[in-house]
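# Observations on the model geometry
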Amino acid sequence: MAGGDGAMAMTPHVLIVAGSDSSGGAGIARDVVTVSAFGLRSCLAITAVTVQTHDTVEQIEHMPPELVAAQMRTAFAANQVAAVKIGMLGTAAAIEAVGSVLASSPKVPVVLDPVLVSTSGRLLLEENAIDVLRRDLMPVCRLVTPNLIELATLTGSALAPDEERARLQGEKLSKTLGTAVLVKGGHGRGSKSVDFLLQPDCPAIQFEAPRLRQGMRGTGCMLSSAITASLALGISLEESVGAGKQFIFDALARSATT
Ligand code: PLP
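A brief look at the structure comes next. Not measured: the values here are computed from a predicted model.

## Topic: helix 8 (residues 219–232)
Its 14 residues place the ends of helix 8 20 Å apart at the C-alpha level, agreeing with the 20 Å of an ideal helix rising 1.5 Å per residue. Most of helix 8 sits inside the fold, with 12 of its 14 residues counted as buried. Cys221, Met222, Leu223, Ser224, Ser225, Ala226, Ile227, Thr228, Ala229, Ser230, Leu231 and Ala232 are the residues of helix 8 that are buried. Downstream of helix 8 by a residue or two, Gly234 has a phi angle that is positive, lying close to 85 degrees.

## Comments concerning the pairing of strand 2 (residues 41–52)
Here nine bridges tie strand 1 (residues 12–21) to strand 2, and the two strands are oriented parallel to one another. Residue pairing in the sheet places Ile16 in a bridge with Leu44 of strand 2. Considered for its hand, the β-α-β crossover made up of strand 1, helix 2 (residues 28–37) and strand 2 is right-handed. Both strand 2 and strand 3 (residues 57–62) contribute to a ladder of five bridges, which runs antiparallel. From the neighbouring strand, Thr50 faces strand 3, where its bridge partner is Ile60. Two successive antiparallel strands, strand 2 and strand 3, enclose a turn made up of four residues.

## So, the packing of helix 6 (residues 148–155) against helix 7 (residues 163–177)
Between helix 6 and helix 7, the least distance of the axes is 10 Å, while the angle of their chain directions is 50 degrees. Our classification of the angle between helix 6 and helix 7 gives oblique. The two elements helix 6 and helix 7 cross, and the hand of that crossing is left-handed. Residues Leu148, Leu151, Ala152, Leu154 and Thr155 of helix 6 pack against Ala166, Gln169, Gly170, Lys172 and Leu173 of helix 7.

## Looking at the site of the ligand
In the vicinity of the ligand there are 13 residues, among which Gln52, Val115, Thr119, Arg217 and Cys221 approach most closely. Between the ligand and Gln52 there is a distance of 2.7 Å, counted from a nitrogen atom to a side-chain nitrogen or oxygen. Contact distances for the ligand include 3.3 Å between an oxygen atom and a backbone N or O atom of Gly218. Relative to its free-state accessible area of 390 Å², the ligand is covered by the protein chains to the extent of 90%.

## Observations regarding the packing of helix 3 (residues 65–78) against helix 4 (residues 92–103)
One can describe the packing of helix 3 onto helix 4 by two numbers: an axis separation of 8 Å at closest approach and a directional angle of 25 degrees. With respect to their mutual orientation, helix 3 and helix 4 come out roughly parallel. At the point where helix 3 passes helix 4, the crossing takes the right-handed sense. Counting all contacts with helix 3, which are made through Pro65, Val68, Ala69, Met72, Arg73 and Phe76, the residues of helix 4 involved are Ala93, Ala94, Ala97, Val98, Val101 and Leu102. Counted by class, the contact of helix 3 with helix 4 contains 11 nonpolar, no polar and one charged residues.

Calculation rules
- Residues numbered from 1 in each chain as written.
- Predicted model: local features only at pLDDT ≥ 70, side-chain atom pairs only at ≥ 80, totals over all residues.
- Heavy atoms only, no water.
- Helix = DSSP H or I, 4+ residues; strand = E, 2+ residues; numbered from the N terminus.
- Expected span 1.5 Å × (residues − 1).
- Buried < 20%, exposed > 50% of the residue type's maximum accessible area, 1.4 Å probe, protein only.
- Pairing = 2+ DSSP bridges.
- Right-handed = clockwise from strand over helix to strand, strands pointing away.
- Axes fitted to C-alpha atoms, helices over the stretch in contact; angles between N-to-C directions.
- Parallel < 35°, antiparallel > 145°, perpendicular 65-115°, else oblique.
- Left-handed = near helix turned anticlockwise from the far one by under 90°.
- Contact = heavy atoms within 4.5 Å.
- Near = heavy atom within 4 Å.
- Polar contact = N/O pair within 3.5 Å; in protein donor to acceptor, adjacent residues only side chain to side chain.
- Areas by Shrake-Rupley, 256 points an atom, 1.4 Å probe, with all protein chains shown as cover.
- Nonpolar A, V, L, I, M, F, W, Y, C, P; charged D, E, K, R; others polar.

Here you go:
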C-alpha cells in the first residue's frame, strides 16, 4: 500500500523514552509490551543500549543527545502522541535534550520513572545528572515514580525504615517539585505492598496489594508504562495509578504460575 500507514499514525500512541536491556527483563521491551496490553501503540526514543543478563549490567552505550531529541521530535510530528513515559536517561546531556523537546511539543502527560541504579547495583544515571533531573525535568512531569531507594537519593535522606517515613519523604519531594509523586513500596517488608500517591496540597492516597513473594525484573518500568497508557486513554491520575498497580499484581501473580 502506498503512502504509509496513515490511519495507524492517528491512533493514540505512547512515546517511550527509555533504554534497551538486551536481556529483555527491563527497559523498552517491558514498556512496549505493557503499552500494547492497554490497546495502545508505542513510538520510541532510545536513550541507551545496554548489554545485560538478569544478574549483571555488562556494558552501557549512551545515544548522542541530539539523536534522542530527533527520535522524540519525529515521534511527535508523525503520530498522535497522547502521553510520554520516560525511563533510563543516563546522562545530564540526555536530560537536557529531552527537556528541550518537551518544552516545544504538544502538552501531554509525562510520567517519569527515575531510573538511577540497577537491581544488580550498576549506576544507570551519572551521579552529576541527578540534580539536573530533579531541577529541569521532574517539575514538568505529571507524575514521578521513585522506589524507596530512589526516593531516599532524591530527597537526600536515609532509606525510609517504615511506611510513615516513606510517605513523609514522598510529600517532601512532591512539594519541592510541585508535582505528583508515587512512592512505590515494592522494596519494603510488610505483608502488604503499599504505595502512596502524593500531590501538592492534596491528602495522600494509599494503594495496597498483598505482597507477593516472587520478584520480577522490570516491574518499575511496567508500572510507569501502565500508568502512562492509562493517562493516554484519558483516565484520571488516581484511577491510572490503581490500574497500573493491578496490572503489576496480575503480572506477578501470573509469573508465579508459569
Ligand atoms: N536496564 C534498563 C534499560 C532499565 O530501564 C532498567 C530499569 O528501569 C534497568 C536496567 C534496571 O532494572 P532492574 O532493576 O530490574 O535490574
